[in-house]
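# Overview (structure and organization)
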Amino acid sequence: MTQSQPAYKRILLKLSGEALMGDDQFGINRDTIVRMVEEVAEVTRLGVEVAVVIGGGNIFRGVAGGSVGMDRATADYMGMLATVMNALALADAMNKAGLTARVMSAIAIDQVVEPYVRPKALQYLEEGKVVVFAAGTGNPFFTTDTAAALRGAEIGAQVVLKATKVDGVYTADPKKDPSATRYASLSFDEAMSQNLGIMDATAFALCRDQKLPIKVFSIFKHGALKRVVMGEDEGTLVHA
Ligand SMILES: Nc1ncnc2c1ncn2[C@@H]1O[C@H](COP(=O)(O)OP(=O)(O)O)[C@@H](O)[C@H]1O
Ligand SMILES: O=c1ccn([C@@H]2O[C@H](COP(=O)(O)OP(=O)(O)O)[C@@H](O)[C@H]2O)c(=O)[nH]1
């Protein structure tokens, strides 16, 4: 249904690290990041408060070969540091595009970024600044999808928007099974009982318990973020 007002006042946008690569093999593709920032700017202009959790797969998977045989927790800390690099690049691009962005890290690296302090994050959002949450949850054995669920719940976001490489949740991984079909919507219980690999179970469980809906949509589809925010038919809604 089309409406003239945004469907949400405050959103938590999860941006995949791998999406930042564009067509490159790893790292940050400048044109891609600029385009994503433009999509974010479009929704902030609608008056929507935007917080972002950024992944790290584009950098960390690029060096993951070197992490084979490594202690899992150490590798995970490397992954979290990768998200800090992405957060800095993203915030820089946002500031250049006329937005005011603040990076907050779940791991203390005070010379580089300010630490995550919930009341401060809420203040920035109320001021219309875009808050970029870096370093995931700050804990190994978690993912940035779980960080998105956690921060989304903490800041009272009305929805977690997972911007990823596929345009919704499918009956099976569409990259492996071409016969998979897309859900328009499904419940957390359905997503979890069918082990749908689009998000990890920890992230799903947290959102389910907090009754925080998740919308999965494609970051590569131009204007998709705005359509989602306007409540239009785009992507897949996972609900309680
Ligand atoms: N049932 C499913 N529906 C949609 N995508 C799925 C499903 N199962 C697995 N996937 C895969 O999940 C990927 C997105 O999740 P993830 O690897 O966490 O990416 P991101 O880098 O966006 O965090 C998609 O690229 C898709 O190939
Ligand atoms: O709370 C967190 C968030 C992330 N990570 C690590 O950081 C990496 C990068 O995050 P993710 O894979 O979620 O990024 P994305 O797939 O979105 O690019 C993960 O693989 C984990 O190793 C972690 O240990 N704890």
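All residue numbers here refer to positions counted from 1 along the written sequence of the relevant chain. Chains carry letters from A onward and ligands carry numbers from 1 onward, assigned in written order. Restriction of local features to residues with pLDDT of at least 70 applies here, the model being predicted, together with a cutoff of 80 or more for giving and counting side-chain atom pairs; totals for whole chains, interfaces and linings are based on all residues.

### Brief notes about the nonpolar core
For the purposes of this analysis, a nonpolar core is taken to be any set of buried Ala, Val, Leu, Ile, Met, Phe, Trp, Tyr and Cys residues that are connected through C-beta atoms within 7 Å. In this scheme the burial state of a residue depends on its C-beta neighbours within 10 Å: 20 or more other such atoms mean buried, 12 or fewer mean exposed, and anything in between means partly exposed; the C-beta positions come from the backbone. Grouped together as the largest cluster of nonpolar side chains are 72 residues, with contacts concentrated most on Ile 11, Val 52, Val 132, Phe 133, Ala 134 and Val 160. Put simply, DSSP H or I for four residues or longer makes a helix, DSSP E for two residues or longer makes a strand, and each gets a number counted from the N terminus. Per element, the largest residue contribution to this core is 7 residues, and it comes from helix H3 (residues 72–96). When sequence neighbours within four positions are dropped, the list of residues in contact with Val 160 reads Leu 12, Lys 14, Ala 148, Ala 149, Gly 152, Cys 207, Leu 212 and Ile 214. We call two residues in contact if the C-beta atoms placed from their backbones are at most 7 Å apart.

### A word on the site of ligand 2
Near, as applied to residues and a molecule or strand, means the residue's backbone-placed C-beta atom lies within 6 Å of it. Taken together, 22 residues lie around ligand 2, and Gly 17, Gly 55, Gly 57, Gly 79 and Gly 136 are the ones closest in. Of all the elements in the fold, those that place two or more residues in the shell around ligand 2 are helix H2 (57–63), H3 and helix H5 (144–154). With 6 residues, the single largest contributor to the shell around ligand 2 is H3. Classification convention: Asp, Glu, Lys, Arg as charged; Ala, Val, Leu, Ile, Met, Phe, Trp, Tyr, Cys, Pro as nonpolar; all other residues, Gly among them, as polar. Counted by class, the shell around ligand 2 contains 7 nonpolar, 12 polar and 3 charged residues.

### Observations concerning the UniProt feature "binding site: UMP" (unreviewed entry) in the protein
UniProt positions are given in the numbering used here, feature names are shortened, and annotations may be inferred rather than shown by experiment. Mapped onto the present numbering, the UniProt feature "binding site: UMP" (unreviewed entry) falls on Gly 56, Asp 76, Thr 137, Gly 138, Asn 139, Pro 140, Phe 141, Phe 142, Thr 143 and Thr 144. For this annotated set, covering 89 residues, all C-alpha atoms fall within 14.2 Å of each other, a compact arrangement in space. For Asp 76, the position within the fold is in helix H3. In this structure Asp 76 touches Pro 140 and Phe 141, once residues within four positions along its chain are discounted.

### Observations concerning the confidence of the model for the protein
On a range of 0 to 100, pLDDT expresses the predictor's confidence in each residue. On average, residues of the protein score 95 in pLDDT, and 98% of them reach the 70 mark or higher. For this predicted complex, the interface score ipTM comes out at 0.91, alongside a pTM of 0.95.

### Digging into the sheet that holds strand S8 (residues 214–218)
If you walk across this open sheet you meet the 9 strands as S4-S3-S5-S2-S1-S6-S8-S9-S7, and the pairing is mixed. A strand with exactly one partner marks an edge of an open sheet, and here the two such strands are strand S4 (114–115) and strand S7 (185–187). The pairing of S8 with strand S9 (residues 236–239) spans 3 bridges and is classified as antiparallel. Each residue of the ladder has a partner; that of Lys 215, found in S9, is Leu 237. Two strands pair under a simple rule: DSSP has to find at least two bridges between them.

### With respect to the packing of H5 against helix H7 (residues 201–210)
Helix axes are fitted to C-alpha atoms over the stretch in contact, other axes to C-alpha atoms as well, and angles between N-to-C directions run from 0 to 180 degrees. Viewed as axis vectors pointing N to C, H5 and H7 meet at an angle of 20°, and their least axial separation amounts to 8 Å. Here H5 lies roughly parallel to H7, going by the angle between them. In terms of crossing hand, the pair formed by H5 and H7 is left-handed. Taken together, the residues of H7 that come into contact with H5 (itself represented by Asp 145, Thr 146, Ala 148, Ala 149, Leu 150 and Ala 153) are Thr 202, Ala 203, Leu 206, Cys 207 and Gln 210. Taken together, the residues that form the contact of H5 with H7 break down as 7 nonpolar, 3 polar and 1 charged. Here the angle decides the label: under 35 degrees means roughly parallel, over 145 means roughly antiparallel, 65 to 115 means roughly perpendicular, and every other value means oblique. Crossings are assigned a handedness: left-handed for a near helix turned anticlockwise from the far helix by less than a right angle, right-handed for a clockwise turn.

### Let's talk about H3
Expected span of a helix, by definition, is 1.5 Å for each gap between consecutive residues, and there is one gap fewer than residues. Here H3 spans 37 Å end to end across 25 residues, near enough to the 36 Å set by a 1.5 Å rise per residue. Residues of H3 that are buried: Gly 79, Met 80, Ala 82, Thr 83, Val 84, Asn 86, Ala 87, Leu 90, Ala 91, Ala 93 and Met 94. Just past H3, the residue Gly 98 takes up positive phi, approximately 95°.

### Let's talk about unusual backbone geometry
In this structure, Ala 135 takes a positive phi of about 70° despite not being glycine. For Ala 135, a count of 29 C-beta atoms within 10 Å gives the class buried. You will see that Lys 211, though not glycine, has its phi angle at about 50°, which is positive. Along the chain, the position of Lys 211 falls in the loop between H7 and S8. Residue classification places Lys 211 among the exposed residues on the basis of 10 C-beta atoms within 10 Å.

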